[in-house]
Amino acid sequence: MRLIDTHCHLDVAEFDPDRAAVLARTRAAGVTGLVIPAIHRAGWPGLLALCATAADFYPALGLHPVYLDQHQDVDLAALERAIADARPTAIGEIGLDFYVRELDRARQQALFEAQLAIARVAGLPVLLHVRKAHEQVLATLKRIPVCGGIAHAFSGGSEEARRYRDLGFALGFGGMLTFERSNKLRAMAAALPVTSIVLETDAPDLTVAAHQGQRNSPEYLPDVLAALAQVRGEDPRRLAEQTTANAAAVLGLPVD
């Protein structure tokens, strides 16, 4: 059984003390592909260096909306150069976060649009961060279409899910799916076409129920798969095969 973690921040400092051990356990758990998205320009060199150490580490470069105070206008030109030099798998993590009220919405929007334009020119998919902003993100994607991607940590409704799918996006499900109290999310995962679903951890954040209060890890991705199999009443091995194929298709990853 092979799994792809489509959103894992393995490069961040929380993994510095034991990254090799985490990776060994992750491999043993059957997770043989990790998409590692950036959050700010300062982290790009380390992220790319990490991804150069394994053929199944897939880098994404971008400017995360929550870290707005760390981004400068010159970072957009730097992103274009980095894409040309490194040719990452995707642009991300990018998007809009209207949950954090102190973040300047107009500046977020401008940054998001600029990165979508870069992704469009580069022909790369995008990894979306969306909180309390699905309508704004969907409207922006309609104006600035890209070649698909993933709506990370999807939390929208069925109509929003349909609109993302129509735009070529898969929907990412992670640790929150493992909590029985996540009724709306679990119902959504049960009802969606299986061809629209990809798995993720968002490690070190949003951990699974079995490790609540602890650092999340890509080694826990099988817990997400088990939760998906439970709510759908389907064979986990078949779901592993399908979600892996979905991830490979939307991100242009190797099938084998």
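A brief structural summary. Keep in mind it's a predicted model, so treat the numbers as computed, not measured. (Residues numbered from 1 in each chain as written. Predicted model: local features only at pLDDT ≥ 70, side-chain atom pairs only at ≥ 80, totals over all residues. Heavy atoms only, no water.)

## Here's the deal with the packing of aromatic side chains
- Considering all chains together, one arrives at 3 aromatic pairs under this definition.
- Taking the centre distance of 6.0 Å and the plane angle of 90° together, the rings of Phe-154 and Tyr-164 count as edge-to-face. Taken together, the residues span a long stretch of sequence, with Phe-154 in the loop between strand E6 (149–151) and helix H6 (158–166) and Tyr-164 in helix H6 at a distance of 10 residues. Each of the two residues, Phe-154 as well as Tyr-164, counts as buried.
- Plain terms: the ring middles of Tyr-164 and Phe-169 are 6.3 Å apart, the flat faces sit at 65° to each other, and that makes the pair edge-to-face.
- The class for Tyr-164 is buried, based on a relative accessible area of 0%.
- The exposure class assigned to Phe-169 is buried, which follows from its relative accessible area of 5%. (Phe/Tyr/Trp six-rings, centres within 6.5 Å; stacked < 30°, edge-to-face > 60°. Helix = DSSP H or I, 4+ residues; strand = E, 2+ residues; numbered from the N terminus. Buried < 20%, exposed > 50% of the residue type's maximum accessible area, 1.4 Å probe, protein only.)

## Examining the sheet that holds E6
- On the basis of which strands lie adjacent, the open sheet formed by 8 strands has the order E1-E2-E3-E4-E5-E6-E7-E8 and parallel pairing. Of all strands in the sheet, those bounded by a partner on one side alone are strand E1 (3–5) and strand E8 (197–199). Pairs of neighbouring strands in the sheet enclose a mean axial angle of 30°, with direction left out of account.
- Both strand E2 (residues 31–37) and strand E3 (residues 57–61) contribute to a ladder of 4 bridges, which runs parallel. In the sheet register, Leu-34 faces E3, and the bridge partner there is Phe-57.
- Where helix H2 (residues 44–51) meets the sheet, it contacts E2 and E3, and its direction lies at approximately 160° from that of E3. (Pairing = 2+ DSSP bridges. Axes fitted to C-alpha atoms, helices over the stretch in contact; angles between N-to-C directions. Contact = heavy atoms within 4.5 Å.)

## Examining the pairing of strand E5 (residues 126–131)
- When you tally the buried positions in E5, you get 5 out of 6 residues, the bulk of the element.
- By the bridge criterion, 5 bridges tie strand E4 (residues 90–97) to E5 in an arrangement that is parallel. Its bridge partner lying in E5, Gly-95 is registered against His-129.
- In this fold, the crossover linking E4 to E5 by way of helix H4 (residues 105–122) has right-handed handedness. (Right-handed = clockwise from strand over helix to strand, strands pointing away.)

## What to know about the environment of Thr-243
- In this fold, Thr-243 is placed in helix H9 (residues 236–251).
- Thr-243 gets classed as buried once you look at its relative accessible area, which sits at 3%.
- For the pair Thr-243 and Thr-195, spaced 48 residues apart in the sequence, the C-alpha separation amounts to 7.2 Å.
- Here Ala-240 takes part through its backbone oxygen, which lies 3.4 Å from a polar atom of the side chain of Thr-243. (Polar contact = N/O pair within 3.5 Å; in protein donor to acceptor, adjacent residues only side chain to side chain.)

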